[in-house]
Amino acid sequence: MLLKNVGDIDMLLKAVDKCRGDVVIRSVDGSEEFSLKSSFSKYLAIGRLADEHGDEYEMFCLNKDDEPYMLQFFYDIEQENKNK
């Protein structure tokens, strides 16, 4: 999933907190990867997203059981953007 439409970082982090496994964002070219479960990596990743580079990153759930949480997050973001 590309992260170009992530508007609410708090919502993203709440969705990540629900996940039992690791959630990572990775640059499309594979040169950078950040674990959203690691406090240090989380801040670096948020910096990249806040810097409006979200279209250069993809997100992956390493535990397939966690995918519904992240899909719900993207659905909620899409609905929020439609209502603006």
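From a predicted model like this one, the values you see are computed outputs, not experimental measurements.

Here is what the cut-offs are and how they apply
Residues numbered from 1 in each chain as written. Predicted model: local features only at pLDDT ≥ 70, side-chain atom pairs only at ≥ 80, totals over all residues. Heavy atoms only, no water. Buried < 20%, exposed > 50% of the residue type's maximum accessible area, 1.4 Å probe, protein only. Helix = DSSP H or I, 4+ residues; strand = E, 2+ residues; numbered from the N terminus. Pairing = 2+ DSSP bridges. Axes fitted to C-alpha atoms, helices over the stretch in contact; angles between N-to-C directions. Contact = heavy atoms within 4.5 Å. Parallel < 35°, antiparallel > 145°, perpendicular 65-115°, else oblique. Left-handed = near helix turned anticlockwise from the far one by under 90°.

Among the five residues of strand S1 (residues 23-27), four are classified as buried, and the element is accordingly described as predominantly covered. Pairing between S1 and strand S3 (residues 57-61): five bridges, direction antiparallel. Bridge assignment links Ile 25 to a residue of S3, and that residue is Met 59. Relative to strand S2 (residues 33-35), S1 is paired through three bridges, and the arrangement is antiparallel. Looking across to S2, one finds that Val 24 is bridged to Ser 35. Hairpin connection from S1 to S2: five residues lie between these consecutive antiparallel strands, with Gly 30 at a positive phi of about 80 degrees.

This part is about the sheet that holds S3. As summarised here, the arrangement of the three strands in space is S2-S1-S3, forming an open sheet in which the pairing is antiparallel. On the outer flanks of this sheet lie S2 and S3, each paired with one strand and no other. For this sheet, the mean inter-axis angle between neighbouring strands, taken without regard to orientation, is 20 degrees. With respect to the sheet, helix H2 (residues 39-50) is in contact with S1, S2 and S3, its orientation differing from that of S2 by roughly 125 degrees.

One can describe the packing of helix H1 (residues 9-18) onto helix H3 (residues 67-82) by two numbers: an axis separation of 9 Å at closest approach and a directional angle of 160 degrees. The angle between H1 and H3 places the two elements in the roughly antiparallel class. Regarding H1 and H3, the two cross each other, and that crossing is right-handed. Of the residues in H3, those in contact with Met 11, Leu 12, Ala 15, Val 16 and Lys 18 of H1 are Tyr 69, Met 70, Phe 73, Asp 76, Ile 77 and Glu 80.

Don't take any of this as a statement about function, it's just geometry.
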